[in-house]
Amino acid sequence: MLEVAPIWQPHIQQQNYRLLLEAMSRPGSLHSITGLNTSSNSLLAVLAALLDSSVRFCDSNGLLEASDIALLQAMQTVPEEADYLLCSGIDVPDFQPRLGSLVSPEQSATLLVHVSALEAGDLQLGLTGPGIKEKQVCNIQGLDSDWLVKRESWVCGFPLGVDLILLDQQQLMALPRTTRVEVH
Amino acid sequence: MNEEHFGFLDEYAKKEVRRATLKAVAIPGYQVPYSSREMPMGRGFGTGGLQLTLALIGRGETLKVIDQGSDDSVNAVNLRSFIEMTCPGIHTTCRTEQADLIQSRHRIPEKPLREDQLLVLQVPYPDALVVVEASEEKRKLLHGEADYSRLLVKLYEDIVKFDEITISHRYPTRINGHFVIDPSPIPRWDVPRLHQSPALILLGAGREKKIYAVPPYTQAVPLAFEDVPFRVENFSDEQGQRRSCVRCGCNSSFLDEYVDSATGEQVYRCSDSDWCNQQLEQRQGVDQAVEVVNG
């Protein structure tokens, strides 16, 4: 029988979705991605849980193999029109993602940003906002601090904005548009 | 594969619900539209909550389903057995504290929820502005601009006519200082539980095709006026004594009013049946202990 890598199996995708939901509900909290093996990396695992043929996707820094992108089934497009964008944390974005509109703020991009580490790092952030009881501190390695400047310019007009999911090799963390970020 | 597909919905339908919930959490209180699949039960019977639960639940998780606080009423029993049938490997419970997921119609459990729990509320009418604006297009713009002046005028008119705001359930509540939601037909009693809740609360309207959320630790403030503050149901009798449940004796829970068919008297019972059972067990436990001590 054909062996399907775990990240394409519905019950693993359900678990990874729940991690994403937990991460989005509690910004700055870390979650270990499930179903990873030698053939599938963390980026692909999260994309596999979210994407199908009804959304538009852009791998803006060419982080994935073309054969993997094909498996995601999503329509490929330019960064300005994508619902889901895969980006590298060391490359400062030079595009304007979709921010949604006043009547449809959900028609905005979700940015998956690949960083080198989420547990330790030279960038320390203090987070406040919905989902955070008082304050959440997180450390990130491999995220250009200009990313946060760009993010601020995108999320300053609530309800418009973008939602970020940061990923390293094993874990994920989310920064929805409502989170206020303070660089320590 | 001969076994029935886990969770009834196909994976595309689940992914769409999942993407919508993530946006709903990221934009607290905003009603995210989704396609709302046909379910083997009528729209308006909790299909919004059901689709959320089916997209959320995984093997090994424990589910509680309640209807107006009760695990045993028709809607809860039907939804629970449907989920049990289509999601092999999940567990169900009546105990609030044992549940990972709680799907509820019109109540939030009395027992405070924890961070590791998730509440799904079934919603008949998701838009709090529908009473003042018939056009959805216009309502969406009012929501976007956080313009709730007409809703406040409606509440003010209530005060002029009746000396108080007459909304008993579905009380308009402002989430994170922007969107006002219809929190589903929960009584006023439950509204304060939305505020800074440790658990994530997801709301699903199947007929109206909307999903929205109150994230954990988020401001949820019922609309009111400085001089007419929000208040919850008052369960005091004519003498000003707090009424208690006729079954378990609890005098701190939300009570349902019944008429005793034998005596014609008004009696009150806890609306949350699991809460009532646990109070009763505790009291019986205390009674037994007292008996043991007294010999």
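Residues numbered from 1 in each chain as written. Chains lettered and ligands numbered in written order. Predicted model: local features only at pLDDT ≥ 70, side-chain atom pairs only at ≥ 80, totals over all residues.

Draft legend 1. Fine view of the domain arrangement of chain B. Residue and element names in this part refer to chain B. Taken domain by domain, chain B holds domain 1 (11–130 + 168–222) and domain 2 (255–294). Using only C-alpha atoms to locate each centre, domain 1 and domain 2 end up separated by 28 Å. Facing the 12 residues of domain 1 at the interface are five residues of domain 2. Grouping the amino acids of the side of domain 1 that touches domain 2 by side-chain chemistry returns two nonpolar, four polar and six charged. (Domains from an automatic or database assignment. Contact = placed C-beta atoms within 7 Å. Nonpolar A, V, L, I, M, F, W, Y, C, P; charged D, E, K, R; others polar.)

Draft legend 2. A look at the interface of chain B and chain A. Taken together, the 30 residues of chain B in the interface contact 28 residues of chain A. Listing elements by their share of the side of chain B that touches chain A, those giving two or more residues are α1 (11–26) and α4 (136–144) of chain B. If you tally residues by element for the side of chain B that touches chain A, the top one is α1(B), at 11 residues. Residues that form the side of chain B that touches chain A fall into these classes: 15 nonpolar, six polar and nine charged. (Helix = DSSP H or I, 4+ residues; strand = E, 2+ residues; numbered from the N terminus.)

Draft legend 3. Summary view of the environment of B:Leu129. Residues and elements named next belong to chain B. Mapping Leu 129 onto the fold places it in the loop between β5 (118–122) and α4. Here the alpha-carbon distance between Leu 129 and Gln 117, two residues 12 residues apart in the chain, equals 30 Å. Leaving out residues up to four positions away in the same chain, Leu 129 has contacts with Arg 139, Leu 142, His 143 and Leu 151.

Draft legend 4. Local environment of the sheet that holds strand β10 (residues 180–183) of chain A. Residue and element names in this part refer to chain A. Strand order in the open sheet made by the three strands is β7-β6-β10, with antiparallel pairing throughout. At either margin of the open sheet sits one strand with a lone partner, and together these are β7 (136–140) and β10. Going across the sheet, the axis of each strand differs from the next one's by a mean of 30 degrees, ignoring polarity. The pairing of strand β6 (residues 123–128) with β7 spans five bridges and is antiparallel. Directly across from Leu 123, in β7, lies its bridge partner Ile 140. (Pairing = 2+ DSSP bridges. Axes fitted to C-alpha atoms, helices over the stretch in contact; angles between N-to-C directions.)

Draft legend 5. How the structure looks around the nonpolar core. Grouped together as the largest cluster of nonpolar side chains are 109 residues, with contacts concentrated most on A:Val46, A:Leu112 and A:Leu166. Looking at this core element by element, the count peaks at eight residues for helix α2 (residues 42–50) of chain A. Not counting the four nearest positions on each side in its chain, A:Val46 is found in contact with A:Asn16, A:Leu20, A:Ile33, A:Leu112, A:Ile165, A:Leu167 and A:Leu172. In terms of nonpolar packing, the next biggest core, distinct from the first, is built from eight residues, B:Cys245, B:Leu255, B:Trp275 and B:Cys276 among them. (Core = buried A, V, L, I, M, F, W, Y, C linked by C-beta atoms within 7 Å. Buried ≥ 20, exposed ≤ 12 C-beta atoms within 10 Å, placed from the backbone.)

Draft legend 6. Expanded view of the environment of A:Gln13. All names here are of chain A. One can find Gln 13 in helix α1 (residues 10–25). Residue Gln 13 is classed as buried on the basis of its 24 C-beta neighbours within 10 Å. Residues Gln 13 and Ala 48, spaced 35 residues apart in sequence, show a C-alpha to C-alpha distance of 7.1 Å. Those residues within four positions of Gln 13 in sequence are excluded, and the remaining contacts are Ala 48 and Ala 49.

Draft legend 7. The arrangement of the sheet that holds strand β1 (residues 31–32) of chain A in detail. All names here are of chain A. Pairing in this open sheet of seven strands is mixed, and the strands run β1-β9-β8-β5-β4-β2-β3 from one edge to the other. The open sheet has two free edges, formed respectively by β1 and β3 (75–76), since each of these has just one partner strand. Across five bridges, strand β5 (residues 110–114) lies against strand β8 (residues 163–167) in parallel orientation. Pairing of Leu 112 across the sheet is with Ile 165, part of β8. Against the sheet, α1 contacts β1, β8 and β9 (171–175), and its axis sits at roughly 40 degrees relative to β9.

Draft legend 8. Main features of α1(A). Helix length check: α1(A) (16 residues) gives 22 Å between terminal C-alpha atoms against 22 Å at 1.5 Å per residue, within 8%. Judged by how many residues are buried, α1(A) sits mostly within the fold: 13 of 16 residues are covered. (Expected span 1.5 Å × (residues − 1).)

Draft legend 9. Molecular detail of the packing of α1(A) against α2(A). Residues and elements named next belong to chain A. For the pair α1 and α2, the least separation of the axes is 9 Å and the interaxial angle reads 95 degrees. On the basis of their axis angle, the class for α1 and α2 is roughly perpendicular. Judged by residue contacts, Gln 13, Asn 16, Tyr 17 and Leu 20 of α1 engage Ala 45, Val 46, Ala 48 and Ala 49 from α2. For the contact of α1 with α2, the per-class residue count stands at six nonpolar, two polar and no charged. (Parallel < 35°, antiparallel > 145°, perpendicular 65-115°, else oblique.)

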